[in-house]
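Inside the fold
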Amino acid sequence: MANLKDCSKFNIHDDFYTRKKTWEQIKDYIPNDKIIWEFCLLNSNEQSKKYLQELNFNVVGDKTIDFFNHNLGEILISNIPFSSEIKIRMLKRLVELDKPFIIIMNSMNLFTKYFKEIFKDKDLYFIYPSTKIHYDKYIDGELKETKNNTSFYSVYVCYKVIDKNIWI
């Protein structure tokens, strides 16, 4: 099995990152007494981890830690890649770890065969934003592009974090 460093081989569309506003809108649903593992920092300057820390969460993780070979934190939080190959592997790994998590995904993923098969026995809940989530583009740790025209809707997929679906 390849490690997370293979993520650097993603096509250009997998290189968009979470804004602080995205984490701010769900901060009240993130347990503040748990150690968070921001597990998918990839090619970023680790700004997602910094944003969560700025919101007063205890966050571990860095872009050198291989998600497939480590098990950190008490709750996993991240915006996982869009590429199906790596996304499917990550979803299976989340099930294997069986820890609470919140991940951001394109909402259309919820209707895929692989999503249904991976989570068939899991009680998932969702936080549905009332607007589209937009992403930033970083190259070599520098903000290169801010996208305010995302073509799809995203959703927060939650496991063992909330006990009902939430619309925000």
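This text goes with the structure placed above it.
So, a few notes on the structure that sits alongside this text. (Residues numbered from 1 in each chain as written. Predicted model: local features only at pLDDT ≥ 70, side-chain atom pairs only at ≥ 80, totals over all residues. Heavy atoms only, no water.)

1. Remarks on the pairing of strand 4 (residues 75–79)
Looking along a regular strand, one sees side chains alternate from face to face of the sheet. Among the 5 residues of strand 4, 5 are classified as buried, and the element is accordingly described as predominantly covered. By the alternation rule, side chains of strand 4 split into Ile75, Ile77 and Asn79 and Leu76 and Ser78, which are all buried. Here strand 2 (residues 35–38) pairs with strand 4 via 3 bridges, running parallel. In the sheet register, Trp37 faces strand 4, and the bridge partner there is Leu76. Pairing between strand 4 and strand 5 (residues 101–106): 4 bridges, direction parallel. Its bridge partner being in strand 5, Asn79 is matched across the sheet by Ile104. As for the winding sense of the linkage, the β-α-β connection from strand 4 through helix 3 (residues 84–97) to strand 5 is right-handed. (Buried < 20%, exposed > 50% of the residue type's maximum accessible area, 1.4 Å probe, protein only. Helix = DSSP H or I, 4+ residues; strand = E, 2+ residues; numbered from the N terminus. Pairing = 2+ DSSP bridges. Right-handed = clockwise from strand over helix to strand, strands pointing away.)

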